[in-house]
Amino acid sequence: MKTPRTLYDKIIDAHTVRTLDDKGLILLYVDRTILNEYTSPQAFTGLRKAGRKVWNPKAALMVVDHVNSTAAHRTDRMPDAGGQRQVEYFAENARDFGIELFDILDKRQGIEHVVAPEQGLVMPGMVVAAGDSHTTTYGALGAVAFGIGTSDIEHYLATQTLVYRRLKTMRVSVTGPPAVGITSKDIVMEVIRRIGADGATGYAVEFAGDTLYAMSVEARMTVCTMIVEAGARGAVMAPDEKVIAYIRGRPRAPRGAMWESAVESWHLLKSDADARFDRELKIDAADVAPMVTWGTSPDQAATITDVVPHPETQVDVTRRKADLRALEYMGLMPGTPIASIPISHAFIGSCTNSRIEDLRDAAQVLDGRKVAQNVRAIVVPGSTQVRTQAETEGISQKFIDAGFEWRQSGCSMCLAMNDDVLKPGDRCASSTNRNFEGRQGAGARTHLMSPAMVAAAAVEGHITDVRKFRSGA
Amino acid sequence: MEPFHTVTGPAAPLLAPNIDTDIIMPKTFLKGVDREGLDVGAFNLLRFADGKPNPDFVLNKPGYEGCRFLVVGPNFGCGSSREHAVWGLSQLGIRALIGTTFAGIFNDNCKNNGLLTIVLPPETVAMLAHYASNPERNTFTIDLAQQTIFLDATSEEIMFDIDATRKDMLIKGLDPVGVTLEHADEIRAFEALHKENQPWFF
């Protein structure tokens, strides 16, 4: 009898070119990469210096997303000279190495993790590795996906492989119906709060349970994207009919007889019933409330009905010091109700939460309401296609009517590598994934939450419970 | 890649948990197309205040000039995949990091750039942090071949584990792409079979 295997192990086994030691080090075949303008240039320079070619240019896509402006009027000029040089070198590399490029003026441009699924470039059973930590997104489509650094991008481009150490496996099962108004963002933030910012370090996480399977593929992408904030080195979910329906008919999806064969093979992609995981975590969705971070690490989070914690209750000395430092940076007093913290900015965007469903959900909260006077509110669609769709559906108008700035697509204020930068002391309700010190601008303060929670905070001028905005809640 | 043999120098403590790559290399230093000039970027917002060295930051204090090692808190290097963080640390002169856990992508980036990461139990890291915190007793010698950290202050020798492949790459300063390309025929054969099984991937 064969040893039962997890989905992660099955996919990795099917991509193992050779074994390199007896402790799980392998040469791993990688099916795809997506390249961006800021982590790839040195990889191409490395290839040029060594006189090497790209192994399979068709297995890569280049997308401009990190450094571009998101101003309403789109041009091919970057906000600064460094970004301009990066984008120019990016185009030069695309041309010289024969890789397809979605440049800033392309109708298919957007955040790489929004664009690749949109194009049907990611399929169940694939291994995808790319130069951005949030590559874990593609786990929602049944691929094993993970971020890599620039040296490994170069290794991938030259060899179509990576020297890879097999990970331990963790299954996160979320079960039961969530309360009204709870999003997948709240669920993943709860997971991160429970296991900590390094709780999944060294693990590939498989998400399971009826709660997530009742949710859309886009909602699952949010969960897979953000689990990297618990240190997960890969994420995966067994593909179901929703995933297959999501991929069907997309520009790069297989067609005809090949589609039928592909679907047949995708139906087999799941962990064996008795497969053993190195760690299991079970979450009852009914216990999840809207989540907000109060600190400078994604695990420093609380529910909307909580107060800012008292660091002295933290038993671990290192954690206590970190909590004190975080509260000092965030300018918060212990005991302050989370649902009273005033904001100066509201940001909806990022690979975590900028897809059409995210925008629909936030727009529903905003419908007929206005952004508070002292708040600057910005929405940056995840891709140019999402932007166009939102305009067609009339969602953009709801944002504009409420007082949000309706922007062009890009990573924008999630990491503030372009000109969307906050000032010291600014406090932002943000649908992004990292609340690190200085992430959205030196001295700026970030509170992570769902897009609907950002919309609600924008309206009230302070962090607030979105559930009271929900009809039927 | 600079091979790692035996390195001697001061160690500094940076013990907060979850020191992320945004802190190690802030976004303003990510606008290059090469790997150069990143020493000034490393810990920039902590090292400098109003354009001048911040006297409160450990690397600016007496006894930490020419620092070669950092004793770090758990989950060091979490967050963004930016390899600029590792390039910056190397350009600052850091040759090894000692801690309880390192974030995955960051750890791989270190390996690919000859920056040694040493994982030890919390009590050993705490002991090393104790010496690193005293600028008069913070000289360590790391011998990768012997897998030892030697403390000048006490003449104590601490052993560490490292996987054999990683050790070999670091000591020889090998080009990983070149090593893999020795198996190009095997990759091609695998690829042909993979394409036969899943033509829709290609």
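Details of the structure are given in the entry above.
Residues numbered from 1 in each chain as written. Chains lettered and ligands numbered in written order. Predicted model: local features only at pLDDT ≥ 70, side-chain atom pairs only at ≥ 80, totals over all residues.

Q: Mind showing me how you'd approach the overall build of chain A here?
A: Within chain A one finds 15 helices and 19 strands. On C-alpha atoms alone, chain A measures out to a radius of gyration of 22 Å, which is about the 23 Å that the 2.2 N^0.38 rule sets for 473 residues. Its C-alpha atoms give chain A principal-axis dimensions of about 55 × 55 × 45 Å. Each of the 473 residues in chain A was classed as buried or not, and the buried ones make up 60%. Long-range pairs, those at least 24 residues apart, make up 76% of the contacts in chain A with a sequence separation of at least 6. (Helix = DSSP H or I, 4+ residues; strand = E, 2+ residues; numbered from the N terminus. Rg over C-alpha atoms; globule rule 2.2 N^0.38 Å. Buried ≥ 20, exposed ≤ 12 C-beta atoms within 10 Å, placed from the backbone. Contact = placed C-beta atoms within 7 Å.)

Q: Would you take a moment to explain the packing of helix H6 (residues 184–195) of chain A against helix H8 (residues 217–226) of chain A for this structure?
A: Angle between the axes and distance between the axes: these two values describe a pair of packed helices. All names here are of chain A. For the pair H6 and H8, the least separation of the axes is 8 Å and the interaxial angle reads 25 degrees. The angle between H6 and H8 places the two elements in the roughly parallel class. Helix-helix and strand crossings are classified by hand; for H6 and H8 the assignment is right-handed. Contact residues: Ser-184, Lys-185, Ile-187 and Val-188 in H6; Ala-219, Arg-220, Thr-222, Val-223 and Met-226 in H8. (Axes fitted to C-alpha atoms, helices over the stretch in contact; angles between N-to-C directions. Parallel < 35°, antiparallel > 145°, perpendicular 65-115°, else oblique. Left-handed = near helix turned anticlockwise from the far one by under 90°.)

Q: How should I be thinking about unusual backbone geometry in this particular structure?
A: Generally, phi is negative for residues other than glycine and the peptide bonds are trans, each holding for most cases. All names here are of chain A. Despite not being glycine, Ser-350 shows a phi value in the positive range, around 90 degrees. If you check the backbone angles, Ala-416 has positive phi at about 55 degrees while not being a glycine. The topology assignment puts Ala-416 in the loop between strand S17 (404–406) and strand S18 (427–430). Given 22 C-beta atoms within a 10 Å radius, Ala-416 is considered buried.

Q: Help me understand the pairing of strand S19 (residues 445–448) of chain A in this model?
A: In the case of a regular strand, side chains alternate between the two sheet surfaces. Residues and elements named next belong to chain A. Taking every second residue as pointing to the same face, both faces of S19 are buried, with Arg-445 and His-447 on one and Thr-446 and Leu-448 on the other. As judged from the 4 bridges shared by S18 and S19, these two strands associate in the parallel manner. Across the sheet, residue Arg-427 finds its bridge partner in S19, namely Arg-445. (Pairing = 2+ DSSP bridges.)

Q: Looking at this structure, how should I read the nonpolar core?
A: Side chains of nonpolar character tend, in soluble globular proteins, to be buried together. Residue and element names in this part refer to chain A. Counting 209 residues, the largest nonpolar core has Val-127, Ala-143, Val-205, Ile-227, Ala-346, Val-454 and Ala-458 as its most contacted members. Per-element tally for this core: the top contributor is helix H15 (residues 451–460), with 8 residues. Those residues within four positions of Val-454 in sequence are excluded, and the remaining contacts are Ala-346, Phe-347, Ile-348, Ala-362, Ala-429, Ser-430, Ser-431 and Met-449. (Core = buried A, V, L, I, M, F, W, Y, C linked by C-beta atoms within 7 Å.)

Q: Whenever I open this one, helix H12 (residues 356–366) of chain A confuses me. Can you help?
A: Structurally, the α-helix is built with 3.6 residues per turn, so residues lying three or four positions apart point the same way. Residue and element names in this part refer to chain A. Summarising burial for H12: 8 of the 11 residues are buried, a large majority. Considered for burial, the residues of H12 that qualify are Ile-356, Asp-358, Leu-359, Asp-361, Ala-362, Ala-363, Val-365 and Leu-366. For H12, the elements touching its buried residues are strand S15 (345–348), strand S16 (376–379), helix H13 (384–393), helix H14 (395–402) and H15. Directly after H12, the chain includes Gly-368, whose backbone phi takes a positive value near 80 degrees.

Q: Whenever I open this one, the sheet that holds strand S8 (residues 148–151) of chain B confuses me. Can you help?
A: Consider a sheet: its strands pair through backbone hydrogen bonds, and that pairing is either parallel or antiparallel. Residue and element names in this part refer to chain B. As summarised here, the arrangement of the 7 strands in space is S6-S5-S4-S1-S7-S8-S9, forming an open sheet in which the pairing is mixed. Among the strands making up the open sheet, the edge pair consists of strand S6 (116–119) and strand S9 (156–159). In this sheet, neighbouring strand axes are inclined to one another by 30 degrees on average, regardless of whether the strands run parallel or antiparallel. In this sheet, S8 lies alongside strand S7 (residues 139–143) in antiparallel orientation, the contact comprising 4 bridges. Looking at the pairing, Ile-142 lines up with Ile-149 of S8.

Q: What am I meant to see in helix H4 (residues 104–112) of chain B here?
A: Residues and elements named next belong to chain B. The buried fraction of H4 is high, at 9 of 9 residues. Those residues of H4 that fall on the buried side of the exposure criterion are Gly-104, Ile-105, Phe-106, Asn-107, Asp-108, Asn-109, Cys-110, Lys-111 and Asn-112. Just beyond H4, the residue with positive phi is Gly-114, at close to 75 degrees.

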